[in-house]
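Notes for the structure review
Here are the chains, one letter per residue:
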Amino acid sequence: MSQQTTSFPLEFERTPSQTARSIAERETILADPGFGKYFTDHMVTIDWTIEKGWHDARVTPYGPLLLDPASSVLHYGQEIFEGMKAYRHADGSIWTFRPEKNAERLQSSARRLALPELAVADFLESVKQMIAVDGSWVPDAPETSLYLRPFMIANESFLGVRAAHKVGYYVIASPAGAYFTDGVAPVKIWLSTEYSRAGRGGTGAAKCGGNYAASLLPQQEAYDNGCAQVLFLDGETGTHIDELGGMNVFFVHGTDTLVTPRLTGTILEGVTRDSIIQLARDRGMTVIERDVTVDEWRDGVASGEITEVFACGTAAVVTPIAQLKAVGFTIGDADAAAGEITLALRQELTDIQYGRLPDRHGWLMRLDAEVTA
Ligand SMILES: *Cc1c(COP(=O)(O)O)cnc(C)c1O
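Every residue gets a number counted from 1 within its own chain, in the order that chain's sequence is written. Two thresholds apply to this predicted model, a pLDDT of at least 70 for residue-level local features and 80 or more for giving and counting side-chain atom pairs, whereas whole-chain, interface and lining totals are computed over all residues. Processing note: side-chain calculations cover all non-hydrogen atoms of the structure and skip hydrogens and water entirely.

Quick word on the side chain of Gln219
Per the convention used, a helix needs a DSSP run of H or I reaching at least four residues, while a strand needs a run of E reaching at least two, with both numbered from the N terminus. Within the element layout of this structure, Gln219 appears in helix α5 (residues 209-224). To sort residues, take the accessible area from a 1.4 Å probe on protein chains only and compare it with the maximum for the residue type: under 20% means buried, over 50% means exposed, and anything in between is partly exposed. Looking at Gln219, the relative accessible area reads 13%, which means it is buried. Here a residue-residue contact requires only that any non-hydrogen atoms of the pair lie within 4.5 Å. Those residues in contact with Gln219, other than ones at most four positions away along the chain, are Ala228, Gln229 and Val230.

As for the packing of helix α3 (residues 99-112) against helix α4 (residues 120-134)
Simply put, an axis is a line fit to the C-alpha atoms, just over the touching stretch for a helix, and the angle between two N-to-C directions goes from 0 to 180 degrees. Between α3 and α4, the least distance of the axes is 9 Å, while the angle of their chain directions is 125°. Between α3 and α4, the angle is such that the two are oblique. α4 is crossed by α3, and the crossing has right-handed handedness. Where α3 approaches α4, its residues Pro99, Glu100, Asn102, Ala103, Glu104, Leu106 and Gln107 are matched on the opposing element by Val120, Phe123 and Leu124. Residue composition of the contact of α3 with α4, by class: six nonpolar, two polar and two charged. Angle categories: roughly parallel below 35 degrees, roughly antiparallel above 145, roughly perpendicular from 65 to 115, and oblique for all the rest. Take the far helix as the reference: if the near one is turned anticlockwise from it by less than a right angle, the crossing is left-handed, and if turned clockwise, right-handed. Note on residue categories: nonpolar means Ala, Val, Leu, Ile, Met, Phe, Trp, Tyr, Cys or Pro, charged means Asp, Glu, Lys or Arg, and polar means any other residue, Gly included.

Things to note about the pairing of strand β15 (residues 306-313)
Along β15, seven of the eight residues are buried, which leaves the element largely enclosed by surrounding structure. Relative to β15, strand β12 (residues 248-253) is paired through six bridges, and the arrangement is antiparallel. The partner of His253 across the bridge, within β15, is Ile306. Between any two strands, pairing holds if DSSP finds at least two bridges. One ladder, built from four bridges, connects β15 with strand β16 (residues 317-326); its direction is antiparallel. Across the sheet, Ala311 pairs through a bridge with Thr319, a residue of β16.

A short note on the UniProt feature "modified residue: N6-(pyridoxal phosphate)lysine" (unreviewed entry) in the chain
UniProt positions are given in the numbering used here, feature names are shortened, and annotations may be inferred rather than shown by experiment. In the numbering used here, UniProt assigns the feature "modified residue: N6-(pyridoxal phosphate)lysine" (unreviewed entry) to Lys207. Position of Lys207 among the secondary structure elements: in the loop between β9 (187-192) and α5. Once you skip the residues sitting within four places of it in the chain, Lys207 turns out to touch Ile80, Phe81, Glu82, Gly83, Arg105, Ser109, Tyr212 and Leu268.

Section: the nonpolar core
Most often, soluble globular proteins have nonpolar side chains that are buried together. Within the largest apolar cluster, 40 residues are counted, with the highest numbers of intra-cluster contacts made by Ile46, Trp54, Phe123, Leu148, Met152 and Tyr169. Looking at this core, the elements that each hand over two or more residues are α1 (23-31), β2 (42-49), β3 (53-61), β5 (84-88), α3, α4, β7 (145-154) and β8 (166-176). The biggest single contributor to this core is α4, with five residues. To qualify as a nonpolar core, a set must consist of buried Ala, Val, Leu, Ile, Met, Phe, Trp, Tyr and Cys residues joined through side-chain atoms within 4.5 Å. Counting residues in hydrophobic clusters, the runner-up holds 23 residues, among them Phe97, Ile276, Phe310 and Ile341.

Some details on the pattern of salt bridges
Here, a salt bridge means any side-chain nitrogen of Lys or Arg that lies within 4 Å of a carboxyl oxygen of Asp or Glu. Enumeration over the complete set of coordinates arrives at 20 salt bridges. Here Glu117 ties to Arg111 by a salt bridge, and the two come within 3.1 Å at their closest N and O atoms. Glu117 gets classed as partly exposed once you look at its relative accessible area, which sits at 35%. Residues Glu236 and Arg200 are paired through a salt bridge, measuring 3.2 Å at the closest nitrogen-oxygen approach. Separated by 36 residues along the polypeptide, Glu236 in the loop between β10 (229-233) and β11 (241-244) and Arg200 in the loop between β9 and α5 bring together distant segments of the chain. For Glu236, a relative accessible area of 56% translates into the label exposed. Taken together, the shared-partner salt bridges connect Glu143, Arg346, Asp351 and Arg356 into one network.

Points about helix α6 (residues 271-282)
Helix span, expected: 1.5 Å multiplied by one less than the number of residues in the helix. Helix length check: α6 (twelve residues) gives 17 Å between terminal C-alpha atoms against 16 Å at 1.5 Å per residue, within 8%. Val271, Thr272, Arg273, Ser275, Ile276, Ile277, Leu279 and Ala280 are the residues of α6 that are buried. Just downstream of α6, Gly284 is the residue with a positive phi angle, here 90°.

Some thoughts on the pairing of β2
For β2, the tally of buried residues reaches eight of eight residues, placing the bulk of the element in the interior. Burial along β2 is two-sided: His42, Val44, Ile46 and Trp48 and Met43, Thr45, Asp47 and Thr49, pointing in opposite directions, are all buried. Here β2 runs beside β3; their pairing, made up of seven bridges, is antiparallel. Counterpart to His42 in the pairing with β3 is Pro61. The turn joining β2 and β3, which pair antiparallel and follow one another in sequence, is formed by three residues. Direction of pairing for β2 relative to β8: antiparallel, over a ladder of six bridges. Of the residues in β8, the one forming a bridge with Asp47 is Gly168.

Observations regarding unusual backbone geometry
Even without being glycine, Ala114 reaches a positive phi, approximately 55°. Relative to the helices and strands, Ala114 resides in the loop between α3 and α4. What makes Ala114 partly exposed here is its relative accessible area of 44%. Phi is positive for Glu143, close to 65°, though the residue is something other than glycine.

Quick look at the domain arrangement of the chain
Start and end positions for the domains come from either an automated domain assignment or a database one. Under the domain assignment, the chain is made up of domain 1 (13-181) and domain 2 (187-337). Contacts between the two partners involve 17 residues from domain 1 and, on the opposite side, 20 residues from domain 2. In short, buried area is how much 1.4 Å probe accessible area vanishes from two parts on joining, totalled over both. Across the domain 1/domain 2 interface, buried area totals approximately 1,600 Å², and carbon plus sulfur atoms make up 59% of it. Per-residue buried area on domain 1 facing domain 2 is highest for Phe81, Arg105 and Arg112; these three make up 33% of the total on that side. In this structure, the connection of domain 1 to domain 2 is made through two salt bridges. Salt-bridge contacts for Asp274 lead to Arg98; the nearest nitrogen and oxygen are separated by 2.9 Å.

Below you can see the structure in the form of C-alpha cells.
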C-alpha cells in the first residue's frame, strides 16, 4: 500500500452525456417520478485497487457497468450503500442533510464488509459533482427530492474467498416524488417471528445489500398479511424490538417521552433516528434509548401509556404505525389516525430539510455551489 498514487482530495474528470434527456423529457419524468424508477443523465465512478488506492474519480454519462462474470460482488455479496436526498429550497438552491453522517456510515459499513474506506471529503465531493451536472433533476414540488444512492462493490475477477483487491464506488441519482401524496397515512406492520435480519456480531449495523436480501422473504410475508413493512426482533432472544427492514422505530409515552431501541450492534444507526432524538430533546421531551419488548408494546398500548408509534428513515422521513400484526395477535387499531407528536416531529424535520425553518443545528450542506469543475 506504499504506492499511494492518488491525490487528496480526489479530482474529478467530467465527460458530459451526449444523450441527456431533453428539458421536456425531464419535466415529464419530474412531474410524476415515483421512487427509484428513473435515473439522471450522469453518474460518478471512483476506482480502487490495493496497489493504487482510490483513483480515476470521474463523472460520466449514466450507463451499465461492465462486470466480469467472476466479479466478486456477484458471488459473495461484498457491497455497501448509502441513501440521502437533495432538496430544492424555495429560492432554487439545492441542499442535502447531514451528509457527513452518511460519509462516516459508509466508512463504518466498509470496515465491516472489508471494503476500503472513502475519505469523507471525497464522498462529499462526489455528491456535489452529481449535482453540478444533474442539479436540474432536483424537483421543486412539495416533499419531492432527488434521491442520491452512493454504493461500493467488490469487482475483482476472482473466486477465492477473501476481501477483493479491486473495488468500485459509484453515485447514481433518482428523482423521488412525495412519499405521502394524500396526507401522512399510518401503516400496519408485520412482526416477523420466524426470521431475523441481524445477529450478534453480524452485519446489522452496516448498510449492506446482504441485509436487504435477507429481509425480502419476511417482507413478502408482510405484504401477504396486508402490511406495508416487516418488524424484526433481536436475533438472540426474540423478545425485543430491533427495527423494520429499512427504518428505525420510536414509541411515544404519554406526551413527553420518546423511547427507541438502543443501538446494540444489530440495529442500523439511522441519520433520521439521530435527528429525531435531537429534535425531541429540543422540545423538552425525554428521550430514552433502551430495549423495548413486544410485551411492553402490547401492555403500553392497552394501558394508554404508549400513545404513538412511528418509524423513520430517509425515504419516508417519518411514518406513523397504526398497528402491529403478528401470528395470533395484533397491537393497536388499524384505523388509528397519525399521532400529534409524530406529525409535529415529521413537520419540523422536513421544514428544516426544505429550508422552511432555520437550520439551528447546522445540518444542511449546500450542493449547488463551490464545485470545482
Ligand atoms: C438506511 C436504514 C435505516 C434508516 O437510516 P437513515 O439514515 O435514517 O435513512 C434504518 N434501518 C436500516 C436497516 C437501514 O438500512
